[in-house]
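# Remarks on the overall topology
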Amino acid sequence: MCGTDRILVNKSSNNESIPNNEAYINLDHGDPTMYESYWKEVGQKYSVTIPVFQSLSYFANIKILCWFLEPKLEEEIKRLHNIVGNAIVEDRHIVVGTGSSQLILAAFYALSDPLNELDPVNVVSAAPYYSSYPEMADFLRSRLFKWSGDARCFDKDGPYIEMVTSPNNPDGVIREPVVNRATGMLVHDLAYYWPQYTAITSPADHDIMLFTVSKCTGHAGSRIGWAIVRDEKVARKMVKFMEINTIGVSKEAQLRAANILEIISLSCQKHKPHDLENFFKYSHRLMVQRWKKLRDAAKNNELFYVPKFPHRYCKFSRDYTETYPAFAWIKCKEGIDCEKLLRRHKILTRSGRRFGSDPEYARISMLNREEEFEVFVQRLSNIHGTVNGN
Ligand SMILES: Cc1ncc(COP(=O)(O)O)c(C=O)c1O
C-alpha cells in the first residue's frame with residue numbers, strides 16, 4: 001500500500017469515490033474502475049443470477065484436464081479470442097486461475113518442479129518489469145525458483161524462466177524475449193494484449209500465455225484469469241498447483257466471468273442489440289481521450305516526459321492505432337524523484353525503483369474512475385517551475 005498517508009476520498013451513496021481538494025488521488029494500483037461506466041450502461045439487463053442449488057461440487061468437468069474449469073467459461077474464452085484474434089486457442093489447454101496472479105505461480109511451479117535442479121531455477125524479466133514478479137517469485141522462499149532480476153543482465157548458466165509481458169507493465173512497450181538461450185522457458189503475460197490498449201497485429205502463439213478479466217473487462221474483483229498452454233504435461237502441472245493451492249477456482253466467479261465475456265463477444269457482432277455498444281470501441285475511445293488529456297497536461301512542461309508510441313495496423317479494428325497503455329510511465333527531469341514530486345502534489349504513484357528502474361520514473365494508473373482522472377490531470381498541469389524532488 002502507500003505508507004501511512006491517508007487517502008481522503010469521499011464516498012457517494014453508490015460508493016463512488018469523489019475526490020475533494022485535499023484528497024490524495026491514488027494512482028498507484030492498476031485498479032480498473034474506469035470500466036464501471038460501460039457496465040453501468042449495460043446495467044441490469046445483463047446481470048447474472050446463480051441459484052443456490054447450483055455449483056455445490058468441487059468439480060466442473062471431470063472429463064477434462066482442468067477439472068474445475070466451467071465449460072461455459074472455456075467456451076466464452078475461446079470465442080472471445082477467436083473474435084478479437086489476439087491468441088491461438090485451437091488444440092491448446094485452458095487452465096483457469098484466481099486471477100492471472102495465481103497462474104504466474106502455477107507456471108513457475110510447473111516449469112521448475114520437473115527439472116529436479118539442485119538450485120532454484122532463475123526467474124527473470126527485462127526491466128522495467130511488473131513489480132509483482134519479484135515478490136511472487138521470492139515470497140515463499142521456494143527451493144524450486146527464485147527471482148534473478150533484469151533479464152538483460154542475466155548471465156548465469158542453467159535453466160531459467162523469462163517473463164515476457166506485452167504490452168509491458170509499466171511502460172506499454174511491445175516486447176519479445178531478451179535472453180534467448182536454449183535453456184530458457186518463456187511465460188508470455190498478455191494481460192494487456194486487448195484492442196483498447198494496443199493494435200492486435202496477429203494471434204499470439206506461445207507455449208504459455210496468460211490473460212485476465214481484470215484488464216480485459218475491468219472485473220478485477222472477480223479474480224478470474226486463464227492460461228493458454230501448449231504442452232499437456234505443463235498444463236497438468238499447473239492444474240496440480242491449483243489443486244494443492246485452492247482446490248480449483250470459485251464457480252460463481254467463473255460463471256460471472258463467462259457471462260461478461262459473452263456480453264463482450266455479443267457487443268462485437270455486426271447484428272448486436274442496438275443498445276449494446278461495442279465494448280472495445282468504447283474502451284479504446286476512453287483510452288484515446290485520457291492519453292490526449294495527459295499529453296495536454298504535460299505539454300510545455302519541462303519537468304515531465306510522456307512516452308510516445310508507434311502506429312500499428314490493428315486487425316481487429318481494421319485501422320491504425322497507437323498503443324494506449326493502462327499505465328503512464330512518466331520520466332522526470334534528471335535528479336528528480338518522480339514519485340515523491342507527485343506525492344507532494346497529492347498524486348500517489350509507484351516509483352520506478354519498484355520496477356527495477358530509476359527513481360526519475362513513476363508509473364501512473366490510467367484506469368481510475370473519470371472523476372479521479374480529471375483531478376489528476378488538473379493537478380499535473382499545475383506542477384511547474386524549479387523543484388527539488390528529493
Ligand atoms: C502484467 C500483469 N500480469 C498479471 C497481473 C495480475 O492480474 P490479476 O488481477 O488477474 O491477478 C497484472 C495486474 O496488474 C498485470 O499487470
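Here the residue numbers are simple positions, counted from 1 along each chain's written sequence. Totals for whole chains, interfaces and linings use all residues, but because this is a predicted model, local features are given only for residues with pLDDT of at least 70 and pairs of side-chain atoms are given and counted only at 80 or more. Note that water and hydrogens are dropped before the side-chain values are worked out from all heavy atoms of the structure.

Glancing now at the overall build of the protein. A tally of regular secondary structure across the protein gives 10 helices and 17 strands. Using C-alpha atoms as the atom set, the radius of gyration is obtained and then compared with a globule rule of 2.2 Å times the number of residues to the power 0.38. In summary, the protein has a C-alpha radius of gyration of 21 Å against a globular reference of 21 Å for 390 residues, a match within 12%. In the protein, which comprises 390 residues, the share counted as buried stands at 53%. At a minimum sequence separation of 6, the contacts of the protein that also span at least 24 residues come to 72%. Accessible surface is estimated by sampling points in the Shrake-Rupley manner with a 1.4 Å probe; for residues, cover comes only from the protein chains shown. By element, 50% of the accessible surface of the protein is carried by carbon and sulfur atoms, the whole surface being about 18,500 Å². When charges are counted, neither His nor the chain ends are considered; positive counts come from Lys and Arg and negative counts from Asp and Glu. By convention, the point assigned to a charge is CZ for Arg, NZ for Lys, CD for Glu and CG for Asp. Placing the 50 positive and 47 negative side-chain charges of the protein at their respective mean positions leaves the two points 2 Å apart. Every helix listed is a DSSP run of H or I at least four residues long, and every strand listed is a run of E at least two residues long, numbered separately from the N terminus. Burial classification: accessible surface area is computed with a 1.4 Å probe over protein chains only, and a residue below 20% of its type maximum counts as buried, one above 50% as exposed, and the rest as partly exposed. Contacts: residue pairs with any heavy atoms within 4.5 Å of one another.

Next up on the list: the confidence of the model for the protein. Atom-level detail of predicted coordinates should not be read off regions where pLDDT is low. On average, the protein scores 93 in pLDDT, and the residues at 70 or more come to 93%. Within a predicted model, pLDDT stands for the predictor's per-residue confidence, ranging from 0 to 100. Contacts from residues 1-16, a stretch scored under 50 in pLDDT, to residues over four places away or in other chains number 33 contacts.

Of all 5 residues making up strand β5 (residues 121-125), 5 are buried, and the element is well covered by its neighbours. Taking every second residue as pointing to the same face, both faces of β5 are buried, with Val121, Val123 and Ser125 on one and Asn122 and Val124 on the other. The pairing criterion for strands is at least two bridges between them, as found by DSSP. Summarising the sheet, β5 and strand β6 (residues 145-150) pair through 4 bridges and their orientation is parallel. In the sheet register, Ser125 faces β6, and the bridge partner there is Asp150.

Once that is clear, we can look at the site of the ligand. Any residue with a non-hydrogen atom lying within 4 Å of a molecule or strand is treated as near it. Looking at the ligand, the residues that line it are Gly99, Ser100, Ser101, Tyr130, Thr165, Asn169, Asp189, Tyr192, Thr212, Ser214, Lys215 and Arg223. Polar contacts, as used here, are pairs of N or O atoms within 3.5 Å; protein pairs need one atom able to donate a hydrogen and one able to accept it. Residues neighboring in sequence count only if both atoms are side-chain atoms. Within the side chain of Thr212, an N or O atom sits 2.6 Å from an oxygen atom of the ligand. Separating an oxygen atom of the ligand from a side-chain N or O atom of Ser214 is a distance of 2.7 Å. Considering the ligand on its own, with 400 Å² of exposed area, one finds that the protein chains cover 93% of that surface. Residue assignment for the shell around the ligand shows that the elements contributing at least two residues are α3 (99-112) and α5 (213-216). If one sorts the elements of the shell around the ligand by residue count, α3 sits on top with 3 residues. Counted by class, the shell around the ligand contains 2 nonpolar, 7 polar and 3 charged residues. Classification used: nonpolar for Ala, Val, Leu, Ile, Met, Phe, Trp, Tyr, Cys and Pro, charged for Asp, Glu, Lys and Arg, polar for all others including Gly.

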